[in-house]
Amino acid sequence: MTDTAAGAETARIAFSPCPNDTFVFDAWAHGRVPGAPALDVTFADIDITNGVAERREDAYELLKVSYAVLPYVLDDYALLPCGGALGRGCGPLVLTREAGVDLSDKRVAVPSETSTAYLLFRLWAADVVPGGGVGEIVVMPFHEIMPAVRDGKIDAGLVIHEARFTYQNYGLHKLADMGEHWEATTGLPIPLGAIIARRDLGAEKLRSYADAVRTSVRMAWEDPEASRGYVMEHAQEMDPAVADQHIGLYVNEFTADLGEDGYAAIRGLLTRAAAEGLVPALAPDALSFP
């Protein structure tokens, strides 16, 4: 929390320019949430924000991060019970140029090795890919992955966000849906991105942030057109119809409140990943919110 002028408070946050994040935070970012501090927004890819959290940098009060990074940062950050991306039918996809490719000796591009998408991919590969692994993992920005697969620079790509709606434009095939596999094997919704805030701010401040996020979400739902300009300004030349699909898929009941199913999904993902040796085990109360 910083002071801007004459005692005015500002909360600093970093999140992606993707439509779901700009839609969720539009009202708060533009001062329309009653009683909330001003929101100072920095746009950054989630691989960047994951690193900020892991390094315990104090440049931000709040961050949008991958659920996969939570076991490494929850000593210093609290998971907010709202504002993130978690749902059904919204999982990452593995795309290839040809159908039915065996990945056991192939090069696969992923958007981040600390992303939830990659964690879901590793859990899927452990179940499905012979030997449980692939030939080589290559990290690249998510918007470069589909062109790289199309052009034969890599054999397969793990894609997220609006790529679910546009991969056919690149002539690519869906080899597997990580979300379908997760839901089929667990029955739980798919955890993707979380909103966290620094624990040292104290319980009262954390609760006020959660209230501001919930209000911002509800205001966006009540008047979707109010956020249109902000969403499209940062949507990286995305078609407005695709942006609407993106928001419709990733902003849902769990964005307003994780609820019992949301928390069960997060615990399920991180407990299974820990059992596979992919992340550290969570402390029993690690996900609790003040």
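Just so you know, these numbers come straight off a predicted model, no measurement behind them.

Cut-offs applied
Residues numbered from 1 in each chain as written. Predicted model: local features only at pLDDT ≥ 70, side-chain atom pairs only at ≥ 80, totals over all residues. Heavy atoms only, no water. Helix = DSSP H or I, 4+ residues; strand = E, 2+ residues; numbered from the N terminus. Buried < 20%, exposed > 50% of the residue type's maximum accessible area, 1.4 Å probe, protein only. Areas by Shrake-Rupley, 256 points an atom, 1.4 Å probe, with all protein chains shown as cover. Lys, Arg positive; Asp, Glu negative; His and termini not counted. Charge placed at Lys NZ, Arg CZ, Asp CG, Glu CD. Contact = heavy atoms within 4.5 Å. Expected span 1.5 Å × (residues − 1). Arc of directions from axis to C-beta. Pairing = 2+ DSSP bridges. Axes fitted to C-alpha atoms, helices over the stretch in contact; angles between N-to-C directions. 1 Å grid on protein atoms, 1.4 Å probe; cavity = no way out; pocket = protein on both sides within 12 Å on 5 of 7 lines; lining within 4 Å. Points joined across faces, edges and corners; volume = space filled by probe spheres on them. Nonpolar A, V, L, I, M, F, W, Y, C, P; charged D, E, K, R; others polar. Core = buried A, V, L, I, M, F, W, Y, C linked by side-chain atoms within 4.5 Å.

A word on the overall build of the chain. Along its length, the chain carries twelve helices and twelve strands. Along the first, second and third principal axes, the C-alpha atoms of the chain reach 60 × 45 × 30 Å. In the chain, which comprises 290 residues, the share counted as buried stands at 53%. Surface accessibility of the chain: about 12,000 Å² in total, with carbon and sulfur atoms responsible for 48%. Taken as two groups, the 23 positive and 42 negative side-chain charges of the chain have centres that lie 2 Å from each other.

Turning our eyes to something else, we now look at helix α5 (residues 142-150). Those residues of α5 that sit buried are Phe142, Ile145, Met146, Pro147, Ala148 and Val149. In this fold, the buried residues of α5 make contact with β7 (93-96), β8 (107-110), β10 (156-159) and α6 (163-166). Just downstream of α5, Gly152 is the residue with a positive phi angle, here 75 degrees.

Let us now look at helix α12 (residues 259-275). With 17 residues, α12 should cover 24 Å at 1.5 Å per step; its first-to-last C-alpha distance of 24 Å lies within 8% of that length. Looking only at α12, the buried set comprises Gly262, Tyr263, Ala265, Ile266, Leu269, Leu270 and Ala273. In an axial view of α12, the angular spread of the buried residues amounts to 155 degrees, which keeps them on one side of the axis. Exposed residues lying more than 90 degrees from the buried face of α12 are Glu260, Thr271 and Ala275.

Let's shift gears to the sheet that holds strand β9 (residues 136-139). Paired through their backbone hydrogen bonds, the strands of a sheet run either parallel or antiparallel. Strand order in the open sheet formed by five strands is β9-β8-β10-β7-β11, with mixed pairing between adjacent strands. With partners counted over all chains shown, the strands left at the sheet margins are β9 and β11 (173-177), one partner each. Strand-to-strand, the axes of this sheet are offset by a mean angle of 25 degrees, without reference to chain direction. Of the strand pairs in this sheet, β8 and β10 are connected by two bridges, and their pairing is parallel. Considered in β10, the bridge of Ala109 is made with Gly157. Packed onto the sheet, α5 meets β7, β8 and β10 and runs at close to 155 degrees relative to β10.

Glancing now at the layout of surface pockets. Space inside the largest pocket adds up to approximately 320 Å³. Lining of the largest pocket is provided by 16 residues; of these, Met146, Glu162, Thr166, Tyr170 and Gln236 occupy positions nearest its centre. Only α5 and α6 provide two or more residues apiece to the lining of the largest pocket. Top contributing element to the lining of the largest pocket by residue count: α5, with four residues. Tallied by class, residues from the lining of the largest pocket come to ten nonpolar, three polar and three charged. Lining the second largest pocket are 13 residues; nearest its centre among them are Pro71, Leu74, Asp75, Ala283 and Ala286. Across the lining of the second largest pocket, the residue classes tally to nine nonpolar, no polar and four charged.

This paragraph deals with empty space enclosed by the protein. For the structure on display, the rule yields three cavities of 30 Å³ or more. Each pocket or cavity is described by its volume, and for the largest cavity that value is around 250 Å³. In terms of lining, the largest cavity is formed by 18 residues, of which the most central are Ile46, Ile160, His161, Leu192 and Gly193. Every element with two or more residues in the lining of the largest cavity is listed here: α1 (19-29), α2 (46-54), β4 (62-66), α4 (116-128) and β12 (190-198). Of the residues in the lining of the largest cavity, the class split is eight nonpolar, eight polar and two charged. For the second largest cavity, the calculated volume is near 60 Å³. Forming the boundary of the second largest cavity are Ser16, Cys18, Asp45, Ile46, Asp47, Pro111, Ser112, Phe142, Ile160 and His161.

Side chains of a nonpolar character, in soluble globular proteins, are inclined to be buried together. Leu63, Tyr67, Leu70, Leu79, Phe121, Trp124 and Ile266 are the most contacted members of the largest nonpolar core, which totals 58 residues. Counting residues per element, this core draws most heavily on α4, which supplies eight residues. Among residues more than four places away in sequence, those in contact with Tyr67 are Leu79, Ala85, Leu86, Thr116, Pro191, Leu192, Gly193, Ala194, Leu258, Ile266, Leu269 and Leu270. Residues Ile13, Val33, Ala220 and Ala235 belong to the second largest nonpolar core, which totals 32 residues.

Quick look at the environment of Gly100 now. Position of Gly100 relative to the elements: it lies in the loop between β7 and β8. Classification of Gly100 as exposed rests on a relative accessible area of 68%.

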